[in-house]
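# Descriptive structure summary
Listed here are the chains, written in short residue letters.
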Amino acid sequence: MFYRGLLAAVVVASAAAFYEAPNFPIEPKGYRIDLHPVPGDGTYKGRVRIDIVNRGSQPITQLKLNADSQINVSDKDIKLIRLANADLSDEESDEDTPISVSAVDRENHSLIIHCSQKLQRDATYQVDIKFEGKLGSDSQSPFFQGSYQEKEGGEARWFIVLSPKISETRKVFPCFDLPYIKSWFELTLAHKKGMTALSNMPVLEISNMTREGDWIRAQFSRTPLMTVSSLGLFISDFKMPEVEYLQTDGIRIGLWGRSDIVPTLKKAQQVLPSVLVSLELYLSRPYPLPHLNLIALPGYIEERPLNSWGLQWFRESDLMNGNSYWLTHRVAKAAAMQWLSHLASPVNDTPVTTGLANFLATNVAKQLEPTMYHWNLGSFHTLVLELGKPRNYGLDAEQKRSLMESRVFLLLQMFEQVFGATTFKQSIQNFLAKKEFKAYSDEDLWQVISEQAWVDSKLALSISLGEVVQEWLTGRLPLVTVATDYLTNTTTFTQEKYVDNLETSWSKTVKKGGVEKEQGWWLPLVAAVGNSEPVMIGWLNPKSHSLSFNNISTSTYIVLNPGSTGPYVVNYDSEGWKRLIAAFKNLPVTYRAQLLHDSLSLALSGHLDTVTALEVTSGLKSEQAPEVWRAFFPLADRLRNRFQGTAATHNLDAYLKSLLIPVLDALGEEDKSSWKTELRVRTRHLLCQTGFTPCVEGARTSYAAWLNASSPDDGIPIASGHLCPVMAWGSYEEWQFALDRLQNFPSNRSKAERTFLMKTVAGCPHDPKKYETLLNITFLNRKNNRFSDEDRFIILSALSGESIGYTTLFNFLKTNWQDLKKRIQGNLWDYFVQTAMGNFRTEEGLKEVSQLLNERRSEFGTGLKAAEDSVSRVEGRVKWAKETTPGVLAWLNKTLEEAWTPQRFKFHDVLVLSHKPQP
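Residues numbered from 1 in each chain as written. Predicted model: local features only at pLDDT ≥ 70, side-chain atom pairs only at ≥ 80, totals over all residues. Heavy atoms only, no water.

Moving on: the overall build of the chain. Within the chain, the secondary structure is distributed over 27 helices and 30 strands. The C-alpha radius of gyration of the chain comes to 31 Å, within 12% of the 29 Å expected for a compact globule of 919 residues. For the chain, the spread of C-alpha atoms along the three principal axes comes to 100 × 80 × 60 Å. Within the chain, contacts between residues separated by at least 24 positions form 72% of all contacts whose residues are at least 6 apart in sequence. Positive and negative side-chain charges of the chain, numbering 99 and 103 respectively, have mean locations separated by a distance of 2 Å. (Helix = DSSP H or I, 4+ residues; strand = E, 2+ residues; numbered from the N terminus. Rg over C-alpha atoms; globule rule 2.2 N^0.38 Å. Contact = heavy atoms within 4.5 Å. Lys, Arg positive; Asp, Glu negative; His and termini not counted. Charge placed at Lys NZ, Arg CZ, Asp CG, Glu CD.)

The next point concerns the confidence of the model for the chain. With 90% of its residues at a pLDDT of 70 or more, the chain has an overall mean of 88. Predicted confidence in the chain is weakest over helix α1 (residues 2–15), with a mean pLDDT of 47, and strongest over strand β30 (residues 569–572), with 98. A low-confidence stretch, residues 87–92 (pLDDT under 50), is modelled with seven contacts involving residues beyond four sequence positions or located in other chains. The model gives residues 505–515 a pLDDT under 50, and that stretch makes 20 contacts with residues more than four places away or in other chains. (pLDDT = per-residue confidence, 0-100.)

Turning our eyes to something else, we now look at the packing of aromatic side chains. Evaluation of the coordinates by the stated rule reveals 37 aromatic pairs. Taken together, a centroid distance of 5.7 Å and an interplanar angle of 70 degrees make the contact between tyrosine 287 and tryptophan 339 edge-to-face. Residue tyrosine 287 is located in the loop between α2 (266–283) and β19 (291–297), and its partner tryptophan 339 is located in helix α4 (residues 324–343); the two are separated by 52 residues in the primary sequence. On the accessibility criterion, tyrosine 287 (5% relative accessible area) is buried. Note on tryptophan 339: relative accessible area 0%, which makes it buried. Directly above the ring of tryptophan 184 sits arginine 222, whose terminal nitrogen or CZ lies 3.6 Å from the centroid. Above the face of the tryptophan 880 ring, arginine 642 is positioned so that its terminal group lies 5.6 Å from the ring centre. (Phe/Tyr/Trp six-rings, centres within 6.5 Å; stacked < 30°, edge-to-face > 60°. Buried < 20%, exposed > 50% of the residue type's maximum accessible area, 1.4 Å probe, protein only. Lys NZ or Arg CZ within 6 Å of the ring centre and 35° of its normal.)

A word on the pattern of salt bridges. Inspection of every chain in the model, using the stated rule, returns 41 salt bridges. Taking the shortest distance from any N to any O, the salt bridge between arginine 630 and glutamate 678 comes out at 2.9 Å. A residue pair is termed long-range when its members are at least 10 positions apart, and arginine 630 in helix α14 (residues 626–642) and glutamate 678 in helix α16 (residues 674–689) qualify at 48 residues. Of the residues examined, arginine 630 reaches a relative accessible area of 9% and is grouped as buried. (Salt bridge = Lys/Arg side-chain N within 4 Å of Asp/Glu carboxyl O.)

What follows covers empty space enclosed by the protein. Counted under the stated rule, the structure contains five cavities of 30 Å³ or more. Each pocket or cavity is described by its volume, and for the largest cavity that value is around 110 Å³. Around the largest cavity sit 14 residues that line it, and Thr484, Tyr486, Thr556, Ile558 and Gly576 are the ones nearest its centre. Listing elements by their share of the lining of the largest cavity, those giving two or more residues are β24 (478–485) and α11 (574–583). (1 Å grid on protein atoms, 1.4 Å probe; cavity = no way out; pocket = protein on both sides within 12 Å on 5 of 7 lines; lining within 4 Å. Points joined across faces, edges and corners; volume = space filled by probe spheres on them.)

The four strands lie next to each other as β10-β11-β16-β13, forming an open sheet whose pairing is antiparallel. Of all strands in the sheet, those bounded by a partner on one side alone are β10 (143–149) and β13 (196–199). Taken over all neighbouring pairs, the strand axes of this sheet differ in orientation by 15 degrees on average, direction set aside. Bridge analysis of strand β11 (residues 156–162) against strand β16 (residues 233–236) gives three bridges, and the strand direction is antiparallel. Its bridge partner being in β16, valine 161 is matched across the sheet by phenylalanine 234. (Pairing = 2+ DSSP bridges. Axes fitted to C-alpha atoms, helices over the stretch in contact; angles between N-to-C directions.)

This part takes up the state of the cysteines. By the definition in use, this model includes two disulfides. Note that cysteine 688 is cross-linked by a disulfide to cysteine 695, the S-S spacing being 1.5 Å. The sign of the S-S torsion, about -75 degrees, decides the handedness of the disulfide formed by cysteine 688 and cysteine 695: left-handed. Classification of cysteine 688 as buried rests on a relative accessible area of 1%. The exposure class assigned to cysteine 695 is buried, which follows from its relative accessible area of 12%. Across the disulfide from cysteine 724 sits cysteine 764; the S-S distance is 2.0 Å. Here cysteine 724 and cysteine 764 share a disulfide; its torsion about the S-S bond, -110 degrees, makes the bridge left-handed. Taken together, the positions of cysteine 724 in helix α18 (residues 723–729) and cysteine 764 in the loop between α20 (751–763) and α21 (768–780) put the pair 40 residues apart, joining distant regions of the chain. Since its relative accessible area comes to 8%, cysteine 724 is described here as buried. The disulfide pattern of the chain is 1-2, 3-4 when the bonded cysteines are numbered in sequence order. Of the cysteine sulfurs around cysteine 175, a residue in no disulfide, the closest is that of cysteine 115, at 18 Å. (Disulfide = S-S within 2.5 Å.)

Here we take up the sheet that holds strand β26 (residues 523–529). If you walk across this open sheet you meet the three strands as β27-β26-β29, and the pairing is antiparallel. If you trace the sheet from one side to the other, it starts and ends with β27 (535–540) and β29 (558–560), each paired once. In this sheet, neighbouring strand axes are inclined to one another by 30 degrees on average, regardless of whether the strands run parallel or antiparallel. Alignment of β26 against β27, held across five bridges, turns out to be antiparallel. Within β27, the residue paired with valine 526 across the bridge is methionine 536.

This brings us to helix α5 (residues 351–368). In this model, α5 (18 residues) spans 25 Å end to end at C-alpha, consistent with the 26 Å of a helix rising 1.5 Å per residue. Judged by how many residues are buried, α5 sits mostly within the fold: 14 of 18 residues are covered. Its side-chain oxygen placed 3.0 Å from the backbone nitrogen of valine 352, threonine 350 serves as the N-cap of α5. (Expected span 1.5 Å × (residues − 1). Polar contact = N/O pair within 3.5 Å; in protein donor to acceptor, adjacent residues only side chain to side chain.)

Another aspect to go through is the packing of α2 against helix α8 (residues 421–435). Direction vectors running N to C along α2 and α8 enclose 95 degrees, while the axes themselves pass 8 Å from each other. Viewed along their axes, α2 and α8 adopt a mutual orientation that is roughly perpendicular. Residues Leu281, Tyr282 and Leu283 of α2 pack against Phe424, Lys425, Ile428, Gln429 and Leu432 of α8. Its residues placed into classes, the contact of α2 with α8 shows six nonpolar, one polar and one charged. (Parallel < 35°, antiparallel > 145°, perpendicular 65-115°, else oblique. Nonpolar A, V, L, I, M, F, W, Y, C, P; charged D, E, K, R; others polar.)

On to the packing of helix α22 (residues 789–799) against helix α25 (residues 826–837). Interaxial distance between α22 and α25 falls to 10 Å at its minimum, and their mutual angle equals 10 degrees. Considered as vectors, α22 and α25 are oriented roughly parallel to each other. For the pair α22 and α25, the contacting residues are Asp789, Arg792, Phe793, Leu796 and Ser797 in the first and Asn827, Leu828, Tyr831, Phe832 and Thr835 in the second. Each residue belonging to the contact of α22 with α25 can be placed in one class, and the counts come to five nonpolar, three polar and two charged.

Looking at where arginine 856 falls in the secondary structure, it is placed in helix α26 (residues 843–856). Along the primary structure arginine 856 and lysine 814 are separated by 42 residues, whereas in three dimensions their C-alpha atoms are 9.9 Å apart. Residues within four places of arginine 856 in sequence aside, it is in contact with Trp817 and Gln818.

Turning our attention to the pairing of strand β21 (residues 311–315). Across the five residues that make up β21, a large majority, five, are buried. Of the strand pairs in this sheet, β19 and β21 are connected by five bridges, and their pairing is parallel. Residue pairing in the sheet places asparagine 293 in a bridge with leucine 311 of β21. Here strand β20 (residues 306–308) runs beside β21; their pairing, made up of three bridges, is antiparallel. If you follow serine 308 over to β21, its bridge partner there is leucine 311. Counting the residues between successive antiparallel strands, the hairpin from β20 to β21 contains two residues, one of them, glycine 310, with a positive phi of roughly 95 degrees.

In terms of backbone geometry, most residues other than glycine have negative phi values and most peptide bonds are trans. Phi at serine 457 takes a positive value of approximately 55 degrees, unusual for a residue other than glycine. Judged by relative accessible area, serine 457 falls into the exposed class, the value being 53%. For serine 564, which is not glycine, the phi torsion reads 50 degrees and is therefore positive. Mapping serine 564 onto the fold places it in the loop between β29 and β30.

Right under this line is the structure:
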């Protein structure tokens, strides 16, 4: 009884911590909006009537609305009336009372209306405003027009999109643009006949605006309560697949695109109803609108869809038929945002919301597409790689946001494992139940999950997730080391900050003023001992970095954080690794992928002997699970790069070939299997990096199709996996052709496609001449201005992966010192210095960079710190190479000399996820 009483008191007290909307004296009950956009002219005009109630403590004499200065408002036409019957939808009653407007002011993007009479408390008024504005030309604007060329005839076809982000609706019309205020909306939209108009709700009525009928007016049904940033509309001549609307639980589903791509949208159209049903079941909340429309938008290049309630806009390629798992995941993530951004509304555009949507989408995709291949450590590997670095150059705002979203997703995944799927699912349902038609903050989500975990006795009352997540979301990632004392049968878990010890001298960390502060996490320890199921054994906390147990069996292996469910890396003592390597073949698939990832990541960052990591990779000789190989490829790439220019280079390539050739054989010839296609591309890529002749020849044969294309700038007509081998081992003329395509890249093609081509042209060559040409164009010959500083960051990052690349860059810096100093400033100069000087692994390279630092010390300017850190980094890498290479070379020699017949095996088409150990 005492515990229940204490628990009730804690939950009641915690409820006070939920986000509460600030007191706002004016309550906008509803909006009636008339919009008349004119495509081509790029203008629009409109009228908004807002029903408002004074909820303040006193009568007021002025109204303050949000309105961007670019909106033209007709001050003399502003009207204000007191409504006698607030339930009237449109027509005024004889008893409505006009209120005269004495003055209108503009101030800090606000429209202030001064009234001649006081607006009384709890009375309903209507403010009536006419306005005009200009349509934007791209998706950076909340209300914009765009066009595409008709395939036959080449005629330009216009479309119009309204999809404001939080606090952007004020740029379209005067409103109360606050994320915690919700109102109903009635929209009336004028558009040309023959076009289709979509909005949050279905069309209620259509009428002619002109006698000729060439312009029509569409009136849409009233929406549920929502924020002004949930408002959306779309006008176009787009079509849908043959089965125009699929219904699920009364919800009308539509996929829209220009007519020539409509057939490619069928798969998305088919999967969306199942996605909605799955989300409704998980969230225990029906989809709250009568329809949902997804639109493939020409020219849209952002990874994140535009998101309004009831309609969303994607890159065309994102909705086209393709990989079933990722198509399902993409659609499910967007659909989840309908609940998380609109039914409940975040007060900020936060990665916590999209991270939760990612988590829900992953659950749905696993349910509807039960193939295990797409379980992967990709997002975790990216986090480990980026957050282990001393500095993060070249990451734009969207990339940083993506990393934060990955953190949130992995945290939610960890909490689900720690608290159990039932408790976690109930907490998400509770969250939506508390917050539907309301606003929420990030802290609200963590609070609701905490409450359910307390109720189910899955979390101590002294621990709140709001406190737990702080370090996980703001600092680096943890490294947990498992050590066992076999004399006392004691197992100790110790946490520390994960850093790449080979990136720089961490005693000279980048934090201004000295060494980074010591980090500690609230970290749940989930472990599988031997063949047992994973269990929760305790929490590390920020103040106690170590925890010991004497009730864990020491007679068998232990796997901590099984399947990398939590976002942290795990190391073991030598005996622990020895036992895991011996048991590797019989471990669950996710455990094997985790051990590959953690061992190689630790070896590549100086935390583990590389030979131990190679011993783990030896288990791949008979590995038949494609998802384990998928985890291996990016790490194998990094392993190759780390040993470039050392005595182990040749033998390491030979070892990789011995592992990969059987994999390529097992994958067979090209087929329709999407996961096999992807795995085949990754396998060929790594084999081609080693110079595998059949791979290079095949790539050059395919590349000829692009060389001979009549319109080579229209697109890349070959598989992307063929490009890098040709850039690496092909002729200078073949490489120059790709560079020409990069320089002439059309603006209407995908930014992501251009970035991929840029990384390939800059990162794959093995010829100094190619690098010199590229560097001259991008850093010295800048008249045509085809490359931005963002591009230059990407190019520097790409070419630093090859020893020939960074060696050429270093020589380029020495030769063109004065010219480069004049042309490059700030962070780009610092990064150029770091990339040119900080990647060598040999004594000769160390001598070269040290000499340049000494000779030019007074001339480096802001790059001096980067130069000093680079020399320290090279010193560490040279030391590491001297200590590591002999052992690695001995292991490779021994392994390659052993008589070993590569096992021929066949990959299964579908593998269902299982965490259960094999006997």
